[in-house]
Amino acid sequence: MPDFSQLPSVETLAKRLTGESNLPRPLVTGFVKRRLSKWRTRLAEGEAADRASIEQEIQSGLQDFSSSRLQPVINATGVIIHTNLGRSPLGQRASETLSEVATGYSNLEFNLRDGKRGKRAGYLETALAVLLETEAATAVNNCAAALVLTLRTLISSEKNEVIVSRGELVEIGGGFRIPEVLETSGAKLVEVGATNKTHLKDYADALSDRTALILKVHRSNFYLEGFTDEPDVTEISSLAHDHGIPLVEDLGSGAVMNTDQLAPIDHEPTPQDALRNGIDLVIFSGDKLLGGPQAGIIAGNAGMVERIKSEPFFRAVRCDKLILTVLQECIDDYLACKGEKKPSIPVLDFLSTPVEELRTRAEEISSQLKGLSFPVSIVETLSRTGGGTMPRAEIPSIALEITPVGSSLEKLARILRGGDPAIVGYVSGDKFLLNLRTVFPSQDQSIVNALLETLQ
Ligand SMILES: *Cc1c(COP(=O)(O)O)cnc(C)c1O
């Protein structure tokens, strides 16, 4: 007979753990119940455990669960658009307006001039179009939704073929693959060219009276080099337009500013570039290089944008008022700075912070860490844009490098991740690094405090 007397009572354990964890009691009770039921099975199967170790296991499981609550994190990975860490942080302007709109009523669909029903996102759409130097624009939940919506709108039962180069059948992440997106949207994929080379003739030969559109997909997360070739966008555009077919590009990253002016990296094609070169509609993410909230922006030909907005599916993927607010502030920020200075958007700040500034901060941090048992040094390292953008871009950066003595790297990393605020660094070889390019200067002191506490 298994010895169930080692199992603590749900009530007693849940009460103690609620006090320790600060989680709502019903959540803790449910968690404890599920774990105890698993322990019952394990004991019945002959596993030996005493009450203390069972309680310990459940407590540690609850800590794991508790740490999964959404909370702020200090990103010391040096990866600027870190999808797992929430991609782009919001600027001051956006977060202040967000808080005002979030905690009260707003004119979301109300015309304050005539007191009647108003147009949702009307201001934002105009501002986007002006920023992107095009006729019209709108925004939906994310870039993936923007792509599905655009495809659904532009295909019909008679014309459902979408032509895509074999060099652009990208997997974006999380299993999101272009061929599958097309299928989901009801489109029929017509692949042209080879992985490394696609010629204009390949596109021309694939055109038929069933062609709905030509789709270009920016190779945002990988790089194609060597024996490669592809036609100029302007050539594909002339071909498409001679046949009265729309040309759409999924740009992904959506850098509106010239990235090569911000950091010593390549020029990421901007939506303005794409539209100027004859793309009818561009689609890109709001929370990658644009530095805004999660959103999918669709911009270009006014007639097409209008059709997309009147497609019933648009409603299913539209943005809520909080996102619209943040995006509006972000776009206004760009427009207010246009051409002269850089908007105060964290992603752009991180891209363009001079290395010397990072070094000065690192020295300041390190000067407060004297007398620790662990050596902390300042090293030159590299940063990445991340988030499936600019895979080749390496931006010089500065990191604090810590060599744990008598403790494992993983343990140090885990302790810092478990702190308040959580600090996420990375292990490289036998060192632990905190890359300062993605740390806000206002967070430096938290790093000092955490290191003093952990390493003493
Ligand atoms: C990132 C990316 C997407 C997906 O963007 P989400 O906003 O995350 O939906 C789509 N296409 C390309 C080319 C991308 O790089």
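What counts and how
- Residues numbered from 1 in each chain as written.
- Predicted model: local features only at pLDDT ≥ 70, side-chain atom pairs only at ≥ 80, totals over all residues.
- Heavy atoms only, no water.
- 1 Å grid on protein atoms, 1.4 Å probe; cavity = no way out; pocket = protein on both sides within 12 Å on 5 of 7 lines; lining within 4 Å.
- Points joined across faces, edges and corners; volume = space filled by probe spheres on them.
- Helix = DSSP H or I, 4+ residues; strand = E, 2+ residues; numbered from the N terminus.
- Nonpolar A, V, L, I, M, F, W, Y, C, P; charged D, E, K, R; others polar.
- Buried < 20%, exposed > 50% of the residue type's maximum accessible area, 1.4 Å probe, protein only.
- Pairing = 2+ DSSP bridges.
- Axes fitted to C-alpha atoms, helices over the stretch in contact; angles between N-to-C directions.
- Contact = heavy atoms within 4.5 Å.
- Salt bridge = Lys/Arg side-chain N within 4 Å of Asp/Glu carboxyl O.
- Expected span 1.5 Å × (residues − 1).
- Arc of directions from axis to C-beta.
- Parallel < 35°, antiparallel > 145°, perpendicular 65-115°, else oblique.
- Left-handed = near helix turned anticlockwise from the far one by under 90°.

Draft legend 1. Expanded view of the layout of surface pockets. Looking at the largest pocket, its volume works out to about 1200 Å³. Along the walls of the largest pocket sit 43 residues, with Arg69, Gln71, Pro72, Val73 and Ala422 positioned nearest its centre. Element by element, the count of residues in the lining of the largest pocket is highest for helix α3 (residues 51-67), at 6 residues. Residue composition of the lining of the largest pocket, by class: 17 nonpolar, 18 polar and 8 charged. Taken as a whole, the second largest pocket spans an internal volume of roughly 750 Å³.

Draft legend 2. A look at the environment of Leu213. Mapped onto the elements, Leu213 comes out in strand β5 (residues 211-217). For Leu213, a relative accessible area of 0% puts it in the buried group. The sequence separation of Leu213 and Leu151 amounts to 62 residues, and the corresponding C-alpha distance is 8.5 Å.

Draft legend 3. Representation of the sheet that holds β5 within the structure. Read across the open sheet, the 7 strands follow the order β2-β8-β7-β6-β5-β3-β4; overall the sheet is mixed. If you trace the sheet from one side to the other, it starts and ends with β2 (136-140) and β4 (188-192), each paired once. Strand-to-strand twist in this sheet, taken as the mean axis angle between neighbours without regard to direction, amounts to 25°. The strands that helix α6 (residues 143-154) touches are β2, β3 (161-165), β5, β6 (247-252), β7 (281-285) and β8 (296-300); relative to β7, the one it contacts most, it runs at about 155°.

Draft legend 4. Structural detail: the pattern of salt bridges. Evaluated as defined, the whole model comprises 29 salt bridges. The residue Arg318 makes a salt bridge to Glu109 at a minimum N-O spacing of 3.8 Å. Taken together, the residues span a long stretch of sequence, with Arg318 in the loop between α13 (313-316) and α14 (321-337) and Glu109 in the loop between α4 (92-102) and α5 (122-131) at a distance of 209 residues. Overall, the relative accessible area of 29% leaves Arg318 in the partly exposed class. Residue Glu109 is classed as partly exposed on the basis of its relative accessible area, which comes to 23%. With a shortest N-O distance of 2.6 Å, Lys216 and Glu168 are connected by a salt bridge. Placement of the pair is Lys216 in strand β5 and Glu168 in the loop between β3 and α7 (178-184), with a sequence separation of 48 residues.

Draft legend 5. Expanded view of helix α1 (residues 10-21). Its 12 residues give α1 an end-to-end C-alpha distance of 16 Å, which sits within 8% of 16 Å, the value for a rise of 1.5 Å per residue. Buried within α1 we find Leu13, Ala14, Leu17 and Thr18. With its buried residues spanning 135° around the axis, α1 presents them on a single face. Turned more than 90 degrees away from the buried face of α1 sit Thr12, Lys15 and Gly19, all of them exposed.

Draft legend 6. The arrangement of the pairing of β2 in detail. Counting buried positions over the 5 residues of β2 gives 5, a clear majority of the element. Burial along β2 is two-sided: Ala136, Thr138 and Val140 and Ala137 and Ala139, pointing in opposite directions, are all buried. Direction of pairing for β2 relative to β8: antiparallel, over a ladder of 5 bridges. By the bridge assignment, Ala136 is partnered in β8 with Gly300.

Draft legend 7. Structural detail: the packing of helix α17 (residues 409-417) against helix α18 (residues 444-455). In contact at an axis separation of 11 Å, α17 and α18 are set at 130° when each is read in the N-to-C sense. With respect to each other, α17 and α18 are oriented oblique. Of the two elements, α17 crosses α18, and the hand of that crossing is right-handed. Side by side, α17 and α18 meet where Leu412, Ile415 and Leu416 of the first sit next to Ala450, Leu451, Thr454 and Leu455 of the second. Classifying every residue of the contact of α17 with α18 gives 6 nonpolar, 1 polar and no charged.

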